[in-house]
Amino acid sequence: MSDFTWDPDTYLDVMAKEIPDYRRLQTELAAAVAEADPRTLLDLGVGSGVTAHRVLESLPEAHIHGIDESEEMLAGARKVLDHHRSTLSLGRLEDSLPDGPFDLVMSTLAVHHLGGEGKADLFSRIARVLVAGGRFVLADLIVPADPADVVTPIDGVIDVPSSLADQLEWLNAAGFSTRVTWQHRDLAVVAADTVD
């Protein structure tokens, strides 16, 4: 992923063009986050900050720590997010996560850049930075059961989505109780709560 860059100024246009249900994915993620009413959030792959901003609109008491591996995207996020309610730092999904603890961890369209082992490892590390009873909300590309449901272009190099069943298995193995809150074609939102 390190040789791939996003432009925060064109990010929304690219997402809307390549992922027809992008705005619905954001809406469903925001609903799954708001349901948990968190105060401290970690956003893995904060990108342009647009999704984090949308989430914070419904959580006036919340503070979000966003990480991204792109300096350009973090610069874009700094323009969108209130600096009093956000902390942004450079980091990759493969790196150690901020210590937390966090009430909620979320990720939108970033985890699919990891292979299966990387996803399973990340899910275990997420469980360790959550408070007891904390939630992880995953909103991402999946490999759908029906190949006809693939609508998002992927390259198979930096885009390596996994099946929803595999990801639920890895989440359960990491100690989460999972619930699919929304799924359409090759997109899904999963609410994964730590088991007390």
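See above for the structure.
So, how was this worked out
- For every chain, the first residue of its written sequence is number 1, and the numbers climb from 1 along that sequence.
- At least 70 in pLDDT is required for a residue's local features to be given in this predicted model, at least 80 for side-chain atom pairs to be given and counted, and no such filter applies to totals for whole chains, interfaces and linings, which use all residues.
- Only hydrogens and water are set aside; all other atoms, that is, all heavy atoms of the structure, feed into the side-chain values.
- Each helix is a run of DSSP H or I of at least 4 residues and each strand a run of E of at least 2, with the numbering of both proceeding from the N terminus.
- Only C-alpha atoms enter the radius of gyration; for comparison, a globular chain is expected to reach 2.2 Å times N to the power 0.38, where N is the number of residues.
- For every residue, the accessible area obtained with a 1.4 Å probe (protein chains only) is divided by the maximum for its type, and the residue is called buried under 20%, exposed over 50%, and partly exposed between those limits.
- The span expected for a helix works out to 1.5 Å for each residue beyond the first.
- Any pair of residues with heavy atoms lying within 4.5 Å of one another is described as a contacting pair.
- Interaxial angles span 0 to 180 degrees and are taken between N-to-C directions of axes, which are lines fitted to C-alpha atoms, for helices over the stretch in contact.
- The scheme is simple: roughly parallel for angles under 35 degrees, roughly antiparallel for over 145, roughly perpendicular for 65 to 115, oblique for anything else.
- For any helix crossing, the convention is left-handed if the near helix is rotated counterclockwise from the far helix by under a right angle, and right-handed if that rotation is clockwise.
- Three residue categories are used. Nonpolar comprises Ala, Val, Leu, Ile, Met, Phe, Trp, Tyr, Cys and Pro, charged comprises Asp, Glu, Lys and Arg, and polar comprises the others, including Gly.

With reference to specific residues and values, describe the overall build of the protein chain.
On a plain count of helices and strands, the protein chain comes out with 6 helices and 7 strands. Taking 16 Å as the expected radius of gyration for a compact globule of 196 residues, we find that the protein chain reaches 15 Å, a close match to that expectation. For the C-alpha atoms alone, the extent of the protein chain along its principal axes is close to 45 × 40 × 30 Å. Burial analysis of the protein chain (196 residues in total) assigns 48% to the buried set.

Quick one: what's the story with helix α5 (residues 116–129), residue by residue and with numbers?
Every α-helix carries 3.6 residues per turn, so stepping three or four residues along brings you back to the same face. With 14 residues, α5 ought to run about 20 Å at 1.5 Å a step, and its terminal C-alpha atoms sit 21 Å apart, in line with that. Listing the buried residues of α5 in full gives Lys119, Leu122, Phe123, Arg125, Ile126, Ala127 and Val129. Tucked inside the fold, the buried residues of α5 contact β1 (40–44), β4 (102–108), β5 (130–141), α6 (164–173), β6 (176–184) and β7 (187–194).

Describe the packing of helix α2 (residues 22–36) against helix α3 (residues 50–57), with residues and values.
Following both chains from N to C, one finds α2 and α3 inclined at 45°, their axes separated by 10 Å at the closest point. Taken together, α2 and α3 sit at an angle that is classed as oblique. Seen from above, α2 lies across α3 with right-handed handedness. Where α2 abuts α3, its residues Tyr22, Arg23, Gln26, Thr27, Leu29, Ala30 and Val33 lie against Val50, Thr51, Arg54 and Val55. In terms of residue class, the contact of α2 with α3 is built from 6 nonpolar, 3 polar and 2 charged.

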